[in-house]
Amino acid sequence: PTLDMDISVVLGCSLGAALGGVILASYQLGLLYQLFHKTERQSSRHGGESVADVLRAHGIRFVFTLVGGHISPILVACEKLGIHIVDTRHEATAVFAADAVARLSGTVGVAAVTAGPGLTNTVTAVKNAQMAESPLLLIGGAAATLLQGRGALQDIDQMSLFKPLCKFCASVRTVREIVPTIRKALAVAQSGTPGPVFIEFPIDTLYPYHVVEKEFAPKNTPKGLMGKMIAWYLRNHLSNLFAGAWETRDLSPLPVHIPHATEDEVQRCVELVSRAKKPVILLGSQATLPPTPGYFLCFFYRKALESLGIPCFLGGMSRGMLGKNSSLHIRQNRRDALKDADLVLLAGTVCDFRLSYGRVLNRRSKIIAVNRDRSQLLKNSDMFWKPTVAIQGDAGSFLLRLSKALKGHKCPEEWPRSLKEGDAIKEKANRSKADEKTERHLNPLSVLHCVDELLAEDSIIVADGGDFVGSAAYIMRPRGPLRWLDPGAFGTLGVGGGFALGAKLCRPESEVWIVYGDGSLGYSVAEFDTFTRHKTPVIALVGNDACWSQISREQVPMLGSNRLWYYHIVADGYGGKGYLIGREDESQLDDIIKKAQKECREGKAVLLNVLIGKTNFREGSISV
């Protein structure tokens, strides 16, 4: 009896394992799903339409791309639904443009590129978006599901490439997965600390059934058992690929999770701020993120900060938050102010190289740090600084709550007044440098002051470069919130063309300026063709000193002769208008800028190739 029982147990286990294996195989092959969901073999619909449906339901207005056969169905379907397809001259530009749209619109920027090299060309731009905390959806083509890893055209392991760069990565394996995968990706991109997400679309998930069937169908009648098994497997794979593809699905956006400070945290900060005599706020790009919509930023934040009366240093995307000439906006002498401050509020500002890793903070100061990302919130806190209160939450909404809780309280007026006086002295000294004659060509500071004085009130400034742009950051004053775009912490060169393209599409009524170094312009000068084709006129200001000045500050003894780059001719060739501006044009600089603004309003992209000389402004600044 014992032996019989043992045999029964073994047989039962074996049958159970076999049954489990059959069920698992049936699930993996899609046989169970196909029992309940129909494959519509006669339908002419395709997966690209599902992609377009979800994007439209999420309010996506633009898809930036460099076209390729792998992703053509997506582009065609989006265009039919009224989503603007903007094709660029390089895949990196497409991602940079999507990044700019994300920053300015408060939604997700979308770029779609073809498989293999199309995707590898985007890596730098995706990493830049990750470090700048921009919500971005990268759509990539891929080899057919059954051909991956078999040597198909442009087939590489794309998922491994993007997993370190993106918050979410997915490879769509059936048409029915398209809608839920995109909905999830868009929600993840905006939740917590925003960032890029990536979805790979194998080509057979995007084309209609009859097109894919031609590729799967055996050329000849299969012979033998193995041939018939392979034919069955291919037919089943095709059926599973399209099973339930066109069933009605929810397209609406999923909830977005945004971390917020607790009431206790806000109250503790209220007590610290109310006791401070010399508080300072350092406002970073993160303060411009939703949930506060972009067009409310100026009104809400400005009122909140003015009610607190605390002097503010603005960095990154927060530049312009207080307008052009606020008594609270301190532009100069930040290191000295931080040395004297008794309380510092880091609102989305990170203690990385931009704050000397926290070494510029006074150890006797009370420090409130607010950031959505915990690793950024506490960066280098174990070495050079220590937060009094560290809050993992949204910086913008925290400031609004802090202001509301401190209603009636205001920072002692003599503190911001003294900082503003120091500001005026430093800016007067900088202005005097602009009046100096350089040995050759034009004084770059004089050029920047001239442009700043003539900027339209609705102007958006795109910063793309090293030395010339570094000087521009001290001189040019964004007129309002979300009117300054720079790469962010990654310091990427080449963002100019894409950022300007995205900005002009988001704000067609605004005057968009790209401040280029003569080196950085080389990355995206070809996008003047894109500006012309898509009727997105911008003005590019190029500081042309015929060398990489940010590098030559350290290496000038080793440099030989230089050669000027004639980019204005390139702009002409791409359908724009180029001007070469040298010392002989100095008296006419105002008129040339006004002419460029007029031509831009009339629909032509303009490039001002300004020959600049050397000054000792920012002497000692290095490139690392």
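Residues numbered from 1 in each chain as written. Predicted model: local features only at pLDDT ≥ 70, side-chain atom pairs only at ≥ 80, totals over all residues. Heavy atoms only, no water.

Test applied: UniProt positions are given in the numbering used here, feature names are shortened, and annotations may be inferred rather than shown by experiment.
Under the annotation held in an unreviewed UniProt entry, the protein chain carries the name 2-hydroxyacyl-CoA lyase 2 and is attributed to Sinocyclocheilus anshuiensis. Word for word, the UniProt comment on the protein chain under Sequence similarities (unreviewed entry) is "Belongs to the TPP enzyme family." Quoted verbatim from the Subcellular location (unreviewed entry) field of UniProt, the annotation for the protein chain is "Endoplasmic reticulum membrane".

**Structural notes on the overall build of the protein chain**
Under the convention used in this document: Here a helix means four or more residues in a row that DSSP labels H or I, a strand means two or more in a row labelled E, and each is numbered from the N terminus. With a 1.4 Å probe rolled over the protein chains alone, any residue whose accessible area is under 20% of its type maximum counts as buried; one over 50% counts as exposed, and the rest are partly exposed. We call two residues contacting when some pair of their heavy atoms lies within 4.5 Å. Working definition of accessibility: Shrake-Rupley area with a 1.4 Å probe, residue cover restricted to the visible protein chains. Charge assignment in this entry is limited to Lys and Arg as positive and Asp and Glu as negative, and neither His nor the chain termini are counted. Here the site of a charge means NZ on Lys, CZ on Arg, CG on Asp, or CD on Glu.
Helix and strand content of the protein chain: 25 helices and 17 strands. Across its three principal directions, the C-alpha atoms of the protein chain cover 100 × 65 × 45 Å. Every one of the 624 residues in the protein chain was classed for burial, and the buried ones make up 54%. In the protein chain, the proportion of contacts linking residues at least 24 apart, taken out of those at least 6 apart, comes to 78%. Accessible area for the protein chain stands at about 27900 Å²; split by element, carbon and sulfur atoms hold 55% of it. Charged side chains of the protein chain number 73 positive and 62 negative; the gap between the two group centres comes to 2 Å.

**Some points on the UniProt feature "domain: Thiamine pyrophosphate enzyme N-terminal TPP-binding" (unreviewed entry) in the protein chain**
Feature annotation in UniProt assigns "domain: Thiamine pyrophosphate enzyme N-terminal TPP-binding" (unreviewed entry) to the following positions: residues 46–161. Helix makes up 46% of residues 46–161 and strand 18%. Its end C-alpha atoms lie 27 Å apart.

**Details of helix H25 (residues 589–601)**
The condition that has to hold: Given a helix with a known number of residues, its expected span is that number minus one, times 1.5 Å.
Its 13 residues give H25 an end-to-end C-alpha distance of 19 Å, which sits within 8% of 18 Å, the value for a rise of 1.5 Å per residue. Among the residues trailing H25, Gly-603 stands out with phi positive, at a value near 105°.

**Here's the deal with the nonpolar core**
Burial of nonpolar side chains together is a common tendency in soluble globular proteins. The condition is simple: Here the nonpolar core consists of buried residues drawn from Ala, Val, Leu, Ile, Met, Phe, Trp, Tyr and Cys, with membership extended through side-chain atoms lying within 4.5 Å. Where a domain begins and ends is set by an automatic assignment or by a domain database.
Phe-64, Leu-138, Phe-162 and Leu-485 are the most contacted members of the largest nonpolar core, which has 52 residues in total. Here this core gets nine residues from one element, more than from any other, and that element is helix H5 (residues 91–105). In this structure, this core is formed jointly by two domains, domain 1 (47–242) and domain 3 (435–611), each of which donates at least three residues. Each residue touching Phe-64, except ones within four places of it in the same chain, is listed here: Val-86, Ala-94, Ala-97, Ala-98, Val-101, Val-110, Ala-111, Ala-112, Leu-501, Gly-502 and Leu-505. With 51 residues, the next largest nonpolar core counts Leu-308, Cys-312, Val-344 and Leu-361 among its residues.

**Quick word on the packing of helix H12 (residues 263–275) against helix H16 (residues 395–405)**
Filter applied, for reference: All axes are obtained by fitting lines to C-alpha atoms, using only the stretch in contact for helices, and the reported angles, taken between N-to-C directions, cover 0 to 180 degrees. Oblique is the label for every angle not falling under 35 degrees (roughly parallel), over 145 degrees (roughly antiparallel), or within 65 to 115 degrees (roughly perpendicular). Definitions for this section: a left-handed crossing has its near helix turned counterclockwise from the far helix by less than a right angle. A right-handed crossing has that turn clockwise. Note that Gly is not counted as nonpolar here; it falls among the polar residues with everything else outside the nonpolar set of Ala, Val, Leu, Ile, Met, Phe, Trp, Tyr, Cys and Pro and the charged set of Asp, Glu, Lys and Arg.
Viewed as axis vectors pointing N to C, H12 and H16 meet at an angle of 60°, and their least axial separation amounts to 10 Å. The pairing of H12 with H16 is recorded here as oblique in orientation. Handedness of the H12/H16 crossing: right-handed. Residues Glu-263, Val-266, Cys-269, Val-270 and Val-273 of H12 form the contact with H16, whose participating residues are Phe-398, Arg-401, Leu-402 and Ala-405. Residue composition of the contact of H12 with H16, grouped by class: seven nonpolar, no polar and two charged.

**A word on the sheet that holds strand S11 (residues 389–392)**
Heads up, the rule is: In short, DSSP must find at least two bridges between two strands for them to pair.
Sheet architecture is open: five strands sit in the order S8-S7-S9-S10-S11, paired in parallel fashion. Edge strands, defined here as strands with exactly one partner in the open sheet, are strand S8 (312–314) and S11. Averaged over neighbouring strand pairs, the angle between their axes works out to 10° when direction is ignored. Across three bridges, the pairing between strand S7 (residues 279–283) and S8 is parallel.

**Some details on the pairing of strand S14 (residues 512–517)**
The element S14 is largely enclosed, with a buried count of six among its six residues. On S14, burial covers both faces: Val-512, Ile-514 and Tyr-516 on one face and Trp-513, Val-515 and Gly-517 on the other are all buried. Taken together, the five bridges between S14 and strand S15 (residues 539–544) define a ladder with parallel strand orientation. Looking at S15, one finds that Val-515 is bridged to Leu-541.

**Some remarks on the side chain of Asn-380**
Considering the arrangement of structural elements, one finds Asn-380 in the loop between helix H15 (374–377) and S11. With sequence-adjacent residues up to four places away left out, Asn-380 is seen in contact with Cys-351, Asp-352, Tyr-357 and Trp-385.

**A closer look at the domain arrangement of the protein chain**
For clarity, the threshold we go by: When two parts are brought into contact, each loses some accessible area as probed by a 1.4 Å sphere; the total of that loss over both is the buried area. The term salt bridge refers to a side-chain nitrogen of Lys or Arg lying within 4 Å of a carboxyl oxygen of Asp or Glu.
Each domain of the protein chain was delimited in the assignment, giving domain 1 (47–242), domain 2 (263–420) and domain 3 (435–611). Here the C-alpha centroids of domain 2 and domain 3 sit 31 Å apart. Each side of the interface is counted separately: domain 2 has 17 residues, and domain 3 has 14 residues. Taken together, both faces of the contact between domain 2 and domain 3 bury some 1400 Å²; the carbon and sulfur share is 58%. Counting the surface domain 2 buries against domain 3, the share from its top three residues, Arg-319, Lys-324 and Arg-331, is 46%. For the pair domain 2 and domain 3, the number of links is zero salt bridges. When its residues are assigned to classes, the side of domain 2 that touches domain 3 shows five nonpolar, seven polar and five charged.

**A word on the side chain of Ser-397**
Considering the arrangement of structural elements, one finds Ser-397 in helix H16. Those residues within four positions of Ser-397 in sequence are excluded, and the remaining contacts are His-260 and Tyr-301.

**A closer look at the pattern of salt bridges**
Per the stated rule, a full pass over the model turns up 20 salt bridges. For the salt bridge of Glu-49 with Arg-45, the shortest nitrogen-to-oxygen distance reads 3.3 Å. Judged by its relative accessible area of 32%, Arg-45 is partly exposed. Ionic pairing is found between Asp-352 and Arg-354, a salt bridge with its closest N-O pair at 2.6 Å. Via salt bridges that share partners, Asp-87, Arg-89, Asp-529 and Arg-533 belong to a single interconnected network.

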